[in-house]
Amino acid sequence: MGNGPHAKLAELGLTLPEVVPPVASYVPAVQSGRHVYVSGQLPVADGKLLATGKVGAGISAEQAKDLAQRCALNGLAAVDALVGLENVVKVVKVTGFVASAPGFTGQPGVINGASDLFGAVFGEAGRHARSAVGVSELPLDAPVEVELIVEVA
């Protein structure tokens, strides 16, 4: 476990949270074959949304990047609960949604908060395909939402 994903999280000063319960009719993650599909994760900690509003108007890009990291951490918790992080072979695809104020075009930098975490935890296996999308609204007025697909052993 010394080099495993849990150890890497500990080195980063992070611990996996409890899986965030769904806010509608879906499950946090589902496995199909060798892939786990994680539902969109909001920046929730201790049962509370960490921020609301639009990035570029009230939420800074740097704050949003930290929120994207929290979304990613919540996604890892969902993977861990379903199959165990030690079984992740590859982070395949990340999709990040950024509730953007008019004119805000820094979505890729925001979603780097998630991508950088996956790289730190899984190394080369954390490098992934990605979309970073600006949207007008997200559930519960969240500024950021992140979903991911991982390949498992």
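Located above this text is the structure these notes cover.
Nothing here was measured: the structure is a model prediction, and the numbers come from that model. (Residues numbered from 1 in each chain as written. Predicted model: local features only at pLDDT ≥ 70, side-chain atom pairs only at ≥ 80, totals over all residues. Heavy atoms only, no water.)

## Thoughts on the nonpolar core
Most often, soluble globular proteins have nonpolar side chains that are buried together. Residues Val 110 and Val 144 are the most contacted members of the largest nonpolar core, which totals 36 residues. Here this core gets ten residues from one element, more than from any other, and that element is helix H2 (residues 61–83). Formed by seven residues, the second largest nonpolar core is a distinct cluster that contains Val 20, Leu 42, Ala 99 and Val 135. (Core = buried A, V, L, I, M, F, W, Y, C linked by side-chain atoms within 4.5 Å. Buried < 20%, exposed > 50% of the residue type's maximum accessible area, 1.4 Å probe, protein only. Helix = DSSP H or I, 4+ residues; strand = E, 2+ residues; numbered from the N terminus.)

## Considering the pairing of strand E8 (residues 129–135)
Across seven bridges, the pairing between strand E7 (residues 88–99) and E8 is parallel. Residue pairing in the sheet places Val 94 in a bridge with Arg 130 of E8. (Pairing = 2+ DSSP bridges.)

## Comments concerning the environment of Gly 103
Residue placement: Gly 103 occurs in the loop between E7 and helix H3 (107–122). A residue is classified by how much of its surface remains accessible, and Gly 103, at 72% relative accessible area, is exposed. Sequence-wise, Gly 103 and Val 44 are 59 residues apart; in three dimensions their C-alpha atoms are separated by 26 Å.

## A closer look at the sheet that holds strand E9 (residues 144–152)
Reading across the sheet, the five strands line up as E1-E2-E9-E7-E8 and stay open at both edges, with mixed pairing between neighbours. A strand with exactly one partner marks an edge of an open sheet, and here the two such strands are strand E1 (29–32) and E8. Shown here is a sheet whose adjacent strand axes are inclined to one another by a mean of 15°, direction ignored. Two strands pair when backbone bridges link them, and E1 and strand E2 (residues 35–41) are joined in this way by four bridges, in the antiparallel orientation. Its bridge partner being in E2, Ala 29 is matched across the sheet by Val 38. Its contacts with the sheet put H3 on E7, E8 and E9, and the angle it makes with E7 is roughly 160°. (Axes fitted to C-alpha atoms, helices over the stretch in contact; angles between N-to-C directions. Contact = heavy atoms within 4.5 Å.)

## Examining the pattern of salt bridges
Per the stated rule, a full pass over the model turns up five salt bridges. Linking Lys 65 and Asp 116 is a salt bridge whose minimum nitrogen-to-oxygen distance equals 3.8 Å. In this pair, Lys 65 is assigned in helix H2 and Asp 116 in helix H3, connecting sequence segments 51 residues apart. Residue classification places Lys 65 among the partly exposed positions, given a relative accessible area of 25%. For Glu 124, the salt bridge is made with Arg 127, and the minimal N-O distance between the two is 3.4 Å. Take Glu 124 and Arg 127: they sit in the same class, and that class is exposed. (Salt bridge = Lys/Arg side-chain N within 4 Å of Asp/Glu carboxyl O.)

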